[in-house]
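As a plain string of letters, each chain reads:
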Amino acid sequence: MSEFSYFQTRGWIEVVVGSMFSGKTEELIRRVRRAEFAKLKVQVFKPIIDNRYREKEVTSHNQNTVNAIPLKDIEEIWDHLSPKTRVVGIDEGQFFSPQIVNIVQDLADRGLRVIIAGLDTDWKGQAFEPMPTLMAIAENVTKQHAVCMTCGAPASRTQKIAGGDSLIEVGATESYEARCREHFIPRVDSMKDLNRSI
Ligand code: ADP
Ligand code: MG
C-alpha cells in the first residue's frame with residue numbers, strides 16, 4: 001500500500017487505526033523508515049498527553065522507536081515544521097483536538113504525505129474523535145487488528161481491565177488489553193481472568 005508513495009508527487013492523507021496493541025505505531029514507524037530510505041525528509045509528531053512524559057520519540061509495544069516531536073496542541077506543529085519536510089507522521093491522533101482535521105488537510109494540500117495513527121474506538125467501544133473524521137477525509141485507511149486476549153481471534157476492541165472510568169488513562173497500558181467483538185464488554189472488566197479460554 002505505502003508502495004505508491006515512491007511515485008507520489010501530490011499530497012495526501014493516510015490513516016492507520018485499530019485497537020490498542022494492533023500495531024499502529026509499528027506500522028507508522030515502518031512507513032516512516034521506508035520514506036527515509038527514499039531520502040524524503042520526515043518529521044513525526046505526538047501529543048503530550050501527560051506533562052510528566054516528554055520523550056522525544058514514539059515507541060511501539062515491542063520497543064521499536066523513531067524520533068518524534070511532542071506537541072501540546074496540534075496548532076504547535078507550525079512552529080516545528082521544516083520547509084524541507086515531505087512526509088509528516090502523527091501518532092496517538094485520537095488525543096489531538098478536532099483542529100487536526102483542518103491542519104492535516106492543509107499539509108496534504110501543500111503536497112505533503114501525512115500518516116496518522118490512532119485509536120478508532122475508546123474503551124467503551126465508541127468512535128474516538130477525531131480519528132473517524134480523519135478516516136473519512138483520508139485517501140487511504142488501514143484497519144489493524146490485535147490478538148484477543150480471551151480467545152486468540154483478531155481483536156478490534158480495547159478492553160479496560162483496571163482503573164477508573166475516565167476516558168483517558170495515560171501511560172497505563174497494563175489497564176487495557178485487546179479483545180474481539182465477542183469478548184469485549186464496554187466497561188471495566190476486573191473479572192477478566194475468569195473469562196479466559198486461552
Ligand atoms: P499500537 O500502537 O496499536 O498500540 P504497537 O505497534 O505499539 O501497537 O505494538 C504492537 C505490538 O504489541 C505487537 O507487535 C506485539 O509485540 C505486542 N502485543 C502485545 N499484546 C498484543 C496483542 N494482544 N495482540 C497483538 N500484539 C500484541
Ligand atoms: Mg501506538
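Calculation criteria
Residues numbered from 1 in each chain as written. Chains lettered and ligands numbered in written order. Predicted model: local features only at pLDDT ≥ 70, side-chain atom pairs only at ≥ 80, totals over all residues. Heavy atoms only, no water. Helix = DSSP H or I, 4+ residues; strand = E, 2+ residues; numbered from the N terminus. Buried < 20%, exposed > 50% of the residue type's maximum accessible area, 1.4 Å probe, protein only. Pairing = 2+ DSSP bridges. Axes fitted to C-alpha atoms, helices over the stretch in contact; angles between N-to-C directions. Contact = heavy atoms within 4.5 Å.

### As for the environment of Thr150
- By secondary structure assignment, the location of Thr150 is in the loop between strand E9 (146–147) and strand E10 (154–155).
- Using a relative accessible area of 1% as the deciding quantity, one classes Thr150 as buried.
- Residues Thr150 and Asp193, 43 residues apart in the sequence, show an inter-C-alpha distance of 8.7 Å.

### Observations concerning the sheet that holds strand E7 (residues 113–119)
- Spatially, six strands are ordered E5-E2-E6-E7-E1-E8 in an open sheet, and the strand pairing comes out parallel. Each end of this open sheet is capped by a strand with a single partner; those strands are strand E5 (69–71) and strand E8 (140–143). Going from strand to strand, the sheet's axes swing by 20° on average, the running direction of each strand aside.
- In the sheet, strand E2 (residues 42–47) pairs with E5 via three bridges, with the strands oriented parallel. Pairing of Phe45 across the sheet is with Ile69, part of E5.
- Running at roughly 165° to E7, helix H1 (residues 24–37) makes contact with strand E1 (12–18), E2, strand E6 (87–90), E7 and E8 of the sheet.

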